[in-house]
Amino acid sequence: MRTMMVRTLSVLLAAALLVTGCAGPNGGLAAETFGRGLLNLVLSPFMIAAGIAQGLAFLPYTLGTGLAELNRGLLQAQAVPLDDSYKATFGVSITDPRVDPKSGEIRGQEGLYGRYRPQAIMEANRAFQRLLVSQGMPEDKARNYVLAGNYAYAWSRGHILLAVTYRHSGAQPIRVASKETGIVTTFRPDQRAWHEPYERDVNGQVIDEVIDWAAMEYVLLRQDKIVTTLMVLAAEAVKSGKRSTDYWEAERRWKAGETTQLIRESMGRVKLEGVTS
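Residues numbered from 1 in each chain as written. Predicted model: local features only at pLDDT ≥ 70, side-chain atom pairs only at ≥ 80, totals over all residues. Heavy atoms only, no water.

Trainee: Please explain the overall build of the protein as it appears in this structure.
Mentor: Helix and strand counts for the protein come out as 10 helices and 5 strands. Counting across all 277 residues of the protein, residues that qualify as buried make up 52%. Summarising the internal contacts of the protein: among those between residues at least 6 apart in sequence, 68% fall at separations of at least 24. In the form shown here, the protein has an accessible surface area of approximately 12500 Å², with 52% of it arising from carbon and sulfur atoms. (Helix = DSSP H or I, 4+ residues; strand = E, 2+ residues; numbered from the N terminus. Buried < 20%, exposed > 50% of the residue type's maximum accessible area, 1.4 Å probe, protein only. Contact = heavy atoms within 4.5 Å. Areas by Shrake-Rupley, 256 points an atom, 1.4 Å probe, with all protein chains shown as cover.)

Okay, here's the thing in structure tokens:
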């Protein structure tokens, strides 16, 4: 049984990597084809449990799994329940009649994520911190965890680089060199640029320790289920206590335009190594 699951995920990964190689003239991926391929995969509880350990890079693989099945797998893995994430992110339970039991879309919900709205990252962080608090984390400690995004190619290519960071300064303003202009600037939590990862401030003090990161198609975040699953994976990454020091090199390559390659590599990090029949 386990061997079959490993083979299933391996076949999916190979197909997905072939799709990510189909870049258009502007470096963008064939997003619709990619999405249709992933919609054919229904994850088993075992695969969900294994995927959680892979972190944010696992997010696109959850696309084709129904809401109830995904929540069941998370519960069996003793992960943050999807229901808790829906409540923290959208203020509804997954049992609410407005929530489609298959797709997870909320009827009448105004779309915010994946639509180039600057306020989305601020609201995402409020939701993420609410989720951490709901899992027992003190509110003052939750402020140190930031969902960060690099939007340099979100508009031109539809690609985004996401990270979960531990921010030493919490919700305080930071004085750093702007990612866009290089000019030393003070950013505050009500500005989108504050919600990007920064290694050090202008005085050389460490600002962010990156816990986990992934590169993906920005359009995926238009789906309510994907957004709430992102919150779950981010919370699980925080619980794991890991650090991803390779993020800074990935960001350097991202800024240099290697977005398609980084999405391919991000998906390639999802493996079920060490699992035997």
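Trainee: Just to check I follow, could you spell out the sheet that holds strand β2 (residues 159-167) for this structure?
Mentor: Strand pairs in the sheet, formed through backbone hydrogen bonds, run parallel or antiparallel to each other. Spatially, β1-β2-β5 is the arrangement adopted by the 3 strands of the open sheet, whose pairing is antiparallel. Both edges of this open sheet fall to β1 (145-150) and β5 (208-217), since each of them pairs with a single strand only. When the angles between neighbouring strand axes are averaged without regard to direction, this sheet yields 20 degrees. Here β2 pairs with β5 via 9 bridges, running antiparallel. If you follow Arg 167 over to β5, its bridge partner there is Asp 208. (Pairing = 2+ DSSP bridges. Axes fitted to C-alpha atoms, helices over the stretch in contact; angles between N-to-C directions.)

Trainee: Teacher, can you tell me more about the pattern of salt bridges here?
Mentor: Pairs may arise between side chains of opposite charge once their charged atoms sit close together. By the definition in use, this model includes 15 salt bridges. Taking the shortest distance from any N to any O, the salt bridge between Asp 96 and Arg 98 comes out at 3.0 Å. With relative accessibility at 37%, the residue Arg 98 sits in the partly exposed group. Among the ionic pairs, Glu 265 bridges to Arg 253, the shortest N-O distance being 2.9 Å. Taken as a pair, Glu 265 in helix α10 (residues 259-268) and Arg 253 in helix α9 (residues 247-255) lie far apart in primary sequence, 12 residues in all. Exposure remark for Glu 265: the relative accessible area of 31% places this residue in the partly exposed category. One network of salt bridges, with partners in common, ties together Glu 123, Arg 126 and Arg 130. (Salt bridge = Lys/Arg side-chain N within 4 Å of Asp/Glu carboxyl O.)

Trainee: Whenever I open this one, the side chain of Ser 93 confuses me. Can you help?
Mentor: With respect to the secondary-structure elements, Ser 93 resides in the loop between α5 (82-90) and α6 (119-134). Overall, Ser 93 belongs to the buried group, its relative accessible area being 18%. A distance of 2.7 Å separates a polar atom in the side chain of Ser 93 from a polar atom in the side chain of Asp 83. Polar contacts involving the side chain of Ser 93 include one to the side chain of Thr 95, which spans 3.0 Å. Beyond its immediate chain neighbours, meaning those up to four positions away, Ser 93 contacts Asp 83, Lys 87 and Val 99. (Polar contact = N/O pair within 3.5 Å; in protein donor to acceptor, adjacent residues only side chain to side chain.)

Trainee: Even after reading the chapter, I still don't get the nonpolar core, so can you show me in this structure?
Mentor: Nonpolar side chains in soluble globular proteins tend to end up buried together. Leu 74, Tyr 86, Tyr 113, Phe 128, Val 164 and Met 231 are the most contacted members of the largest nonpolar core, which totals 60 residues. Only α3 (45-52), α4 (67-76), α5, α6, β1, β2, β5 and α8 (224-240) provide two or more residues apiece to this core. Per-element accounting of this core gives the leading share, 10 residues, to α8. Look past the residues within four positions of Val 164 in its chain and what remains in contact with it is Leu 56, Phe 128, Val 146, Leu 147, Glu 209, Val 210, Ile 211, Asp 212, Ala 234 and Val 238. If you look at the next biggest cluster of nonpolar residues, it comprises 12 residues, including Val 210, Trp 248, Ala 250 and Trp 254. (Core = buried A, V, L, I, M, F, W, Y, C linked by side-chain atoms within 4.5 Å.)

Trainee: What is the right way to read α8 from this model?
Mentor: Quick reminder: α-helices carry 3.6 residues per turn. Residues three or four places apart thus point the same way. Between its terminal C-alpha atoms α8 stretches 25 Å, which fits the 24 Å expected from 17 residues at 1.5 Å a residue. Within α8, 15 of the 17 residues are buried, leaving the element largely enclosed by the surrounding structure. Backbone geometry just after α8 places Gly 241 at a positive phi near 75 degrees. (Expected span 1.5 Å × (residues − 1).)

Trainee: So what exactly am I meant to see when it comes to the packing of aromatic side chains here?
Mentor: Aromatic ring pairs are described here by two measures, namely the spacing of the ring centres and the angle between the planes. By the definition in use, this model includes 10 aromatic pairs. Between the aromatic rings of Phe 58 and Tyr 61, the centroid separation amounts to 6.2 Å while the plane-to-plane angle is 15 degrees, which identifies the pairing as stacked. According to the relative accessible area criterion, Tyr 61 is buried, its value standing at 0%. Aromatic pair Tyr 151 and Tyr 218: ring centres 6.0 Å apart, planes at 85 degrees, arrangement edge-to-face. Residue Tyr 151 is located in the loop between β1 and β2, and its partner Tyr 218 is located in the loop between β5 and α8; the two are separated by 67 residues in the primary sequence. Here Tyr 151 falls in the buried class, since its relative accessible area comes to 9%. Among the aromatic residues, ring-to-ring pairing joins Tyr 86, Phe 90 and Tyr 113 into one connected group. Taking the ring centre of Tyr 151 as reference, the NZ or CZ of Arg 192 above it sits at 4.9 Å. Arg 269 extends its terminal NZ or CZ atom over the ring of Trp 213, reaching a point 4.3 Å from the ring centre. (Phe/Tyr/Trp six-rings, centres within 6.5 Å; stacked < 30°, edge-to-face > 60°. Lys NZ or Arg CZ within 6 Å of the ring centre and 35° of its normal.)

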